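The residues making up each chain are set out below.
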Amino acid sequence: RILIIGACGQIGTELTLKLREIHGDQNVVASDIREGAKELMQSGPFEILNATDESHLKEIIERYEVKEVYLMAAMLSATAEKAPMKAWELNMDSLFHVLNLAKDGKIDKVFWPSSIAVFGPTTPKDKTPQTTIMEPTTVYGISKQTGERWCEYFYNKFGVDVRSIRYPGIISYKTLPGGGTTDYAIEIFHEALKNSEYTSFLDHDAALPMMYMDDAIKATVDIMEAPAEKVKIRSSYNLAAISFTPEILAEEIKKHIDNFKINYEPDFRQQIAESWPSSIDDSSAREDWGWDPEFDLEKMVETMLEGVGNTLKENA
Ligand code: VAH
């Protein structure tokens, strides 16, 4: 069976539903610190699990005969700045528990998400290379950079088959994100449809690498299904799809909502965004395991407006 830790989060929710579609509902166990979306809770096994509770994690893995683990639980960039030690504990202890269980032969394969947050203000910003200067200035980024080093160490030293992707900002409508710097690119759709106006917490020219959820899920499934010998990088792969600024995103939304108005009131998250790349070179992922995104800016905006629009109607 497969276990997803952090299954009720923004990526976890849709990853769980996709993996249940592929492997069968009963073969994918969802777990999180609290219950989640109805569709997720009703479609297969669920366990309340604190990702830092090693003995409970081990008990669940043994009880369900879990062979693959997707560790999606983490405290994201903005929230982590408000609780550095809690963020470090959650992001790192959970990873050590999973890597050690894999080292002990309890798990055969691990997915662990990294982030473009591993890059910092001294990293080349445009088409950031796979291997380059990494001096992250956020707690979240430091935890992801350290996590990458440990994933590669457990692969090299103990043969643990752990695979990782540096997600850019992920855009989706089924589950709201929790505490990210890129969340403006989701909030903007809800506000545009409700009020035809949005005040962005990032400045007009804050360019960031982004990706529509379906592409992020596709990359996650693809890297986990790739033959082990094709996964040459065992720290984490750069991944890219779209790069845009709040201004460019607003212009695209205006093609659908012509009276849409955007304002800019940058807050502390502007400094986080400025420390990150504006675009990513993902040629290694394309070459090694065939990465190829489907959603460009136009298609993402159309899909988000339709999806958020339907959600607002359902909840009206
Ligand atoms: C965040 N959405 O904003 C996450 C992601 C690259 C951004 O890591 O913290």
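Our subject is the structure listed above.
Residue positions are given per chain, counting from 1 as you read along its sequence in written order. Given that the model is predicted, a residue must reach a pLDDT of at least 70 before its local features are reported, and side-chain atom pairs must reach 80 or more before they are shown or counted; all residues, however, enter totals for whole chains, interfaces and linings. Calculation of side-chain values draws on the structure's entire complement of heavy atoms; hydrogens and water are dropped beforehand.

Draft legend 1. Seen up close, the overall build of the protein chain. For helices the rule is a DSSP run of H or I covering at least 4 residues; for strands it is a run of E covering at least 2, with both sets numbered from the N terminus onward. The number of helices and strands found in the protein chain is 12 helices and 12 strands. Atoms counted for the radius of gyration: C-alpha only. Globule rule: 2.2 Å times residue count to the power 0.38. The C-alpha radius of gyration computed for the protein chain amounts to 19 Å, which stays within 12% of the reference 20 Å derived for 316 residues, consistent with globular compactness. Dimensions of the protein chain, computed from C-alpha atoms along their principal axes, come out at roughly 60 × 45 × 40 Å. Here the analysis covers contacts within the protein chain between residues at least 6 apart in sequence; of these, 77% occur between residues at least 24 apart. Summing over all exposed atoms, the protein chain offers an accessible surface of approximately 13,100 Å²; the carbon and sulfur share of this is 48%. Charge separation in the protein chain, taken as the distance between the mean sites of 33 positive and 52 negative side-chain charges, equals 4 Å. The contact criterion used is simple: two residues touch if any of their non-hydrogen atoms lie within 4.5 Å. Here the open area of atoms and residues is found with the Shrake-Rupley method and a 1.4 Å probe, where only the protein chains shown may cover a residue. In this tally, Lys and Arg are treated as positive and Asp and Glu as negative; His is ignored, and so are the chain termini. For charged residues, the charge sits on one atom: NZ in Lys, CZ in Arg, CG in Asp, CD in Glu.

Draft legend 2. Region of the structure containing the packing of helix H7 (residues 184–195) against helix H9 (residues 246–254). Angles shown run from 0 to 180 degrees and are taken between the N-to-C directions of axes, each axis being a line fitted to C-alpha atoms and, for helices, limited to the stretch in contact. Where H7 contacts H9, the axes come no closer than 11 Å and their chain directions differ by 30 degrees. The pairing of H7 with H9 is recorded here as roughly parallel in orientation. Crossing of H7 over H9 shows right-handed handedness. Contacts between H7 and H9 involve Tyr184, Ala185, Ile188, Phe189 and Ala192 from the first element and Pro246, Leu249 and Ile253 from the second. Across the contact of H7 with H9, the residue classes break down as 8 nonpolar, no polar and no charged. With respect to orientation, any angle under 35 degrees is reported as roughly parallel, any angle over 145 as roughly antiparallel, any angle of 65 to 115 as roughly perpendicular, and every other angle as oblique. Throughout, a crossing is termed right-handed when the near helix is turned clockwise from the far one, and left-handed when it is turned anticlockwise from it by less than a right angle. Amino acids outside the nonpolar list (Ala, Val, Leu, Ile, Met, Phe, Trp, Tyr, Cys, Pro) and the charged list (Asp, Glu, Lys, Arg) are all regarded as polar, and Gly is one of them.

Draft legend 3. Quick peek at the pattern of salt bridges. A carboxyl oxygen of Asp or Glu within 4 Å of a side-chain nitrogen of Lys or Arg is what we treat as a salt bridge. Per the stated rule, a full pass over the model turns up 15 salt bridges. A salt bridge links Glu152 to Arg149; the nearest nitrogen and oxygen atoms lie 2.6 Å apart. Here Glu152 pairs with Arg149, and both are found in helix H6 (residues 139–158), just 3 residues apart, close to one helical turn. Between buried and exposed lies partly exposed: a residue is buried under 20% and exposed over 50% of the maximum accessible area for its type, with that area taken using a 1.4 Å probe on protein chains only. Look at Glu152 and you get partly exposed, because its relative accessible area is 26%.

Draft legend 4. Structural detail: the packing of helix H1 (residues 10–23) against helix H8 (residues 213–225). With their axes 10 Å apart at the nearest point, H1 and H8 run at an angle of 55 degrees to one another. On the basis of their axis angle, the class for H1 and H8 is oblique. When the axes of H1 and H8 are compared, the crossing they make is right-handed. Where H1 abuts H8, its residues Gln10, Ile11, Glu14, Leu15, Lys18, Leu19 and Ile22 lie against Met213, Asp214, Ile217, Thr220, Val221 and Glu225.

Draft legend 5. Structural context of the environment of His190. For His190, the location among the structural elements is in helix H7. Distance from His190 to Leu305, taken between C-alpha atoms, is 8.3 Å for residues 115 residues apart in sequence. Beyond its immediate chain neighbours, meaning those up to four positions away, His190 contacts Leu176, Val308 and Leu312.

Draft legend 6. Seen up close, the packing of aromatic side chains. Two rings from Phe, Tyr or Trp (for Trp, the six-membered ring) form a pair when their centres sit within 6.5 Å of each other. Planes less than 30 degrees apart are called stacked, planes more than 60 degrees apart edge-to-face, and all others tilted. Applying the stated rule across the entire model yields 12 aromatic pairs. Residues Tyr184 and Phe201 carry aromatic rings whose centres are separated by 6.3 Å and whose planes lie at 85 degrees to one another, so their mutual orientation is edge-to-face. Of this pair, Tyr184 sits in helix H7 while Phe201 sits in the loop between strand S8 (197–200) and strand S9 (208–212); the two residues are 17 residues apart in sequence, bridging distant segments of the chain. Exposure class is identical for Tyr184 and Phe201. Each is buried.

Draft legend 7. Just H6, in detail. A helix is expected to span 1.5 Å for every residue after the first. Taking 1.5 Å per residue as the helical rise, H6 with its 20 residues ought to reach 28 Å, and the 27 Å between its terminal C-alpha atoms agrees with that figure. Those residues of H6 that sit buried are Val139, Tyr140, Gly141, Ser143, Lys144, Gly147, Glu148, Cys151 and Phe154. Following H6 by one or two positions, Gly159 has its phi on the positive side, about 70 degrees.

Draft legend 8. Just the pairing of strand S1 (residues 2–5), in detail. Across the two faces of S1 the burial is the same, with Ile2 and Ile4 and Leu3 and Ile5 all buried. When DSSP finds at least two bridges between two strands, those strands are taken to pair. Note that S1 and strand S2 (residues 28–32) share 4 bridges and pair parallel. Residue pairing in the sheet places Ile2 in a bridge with Val28 of S2. Of the pairings in the sheet, the one linking S1 to strand S4 (residues 68–71) comprises 4 bridges and is parallel in character.

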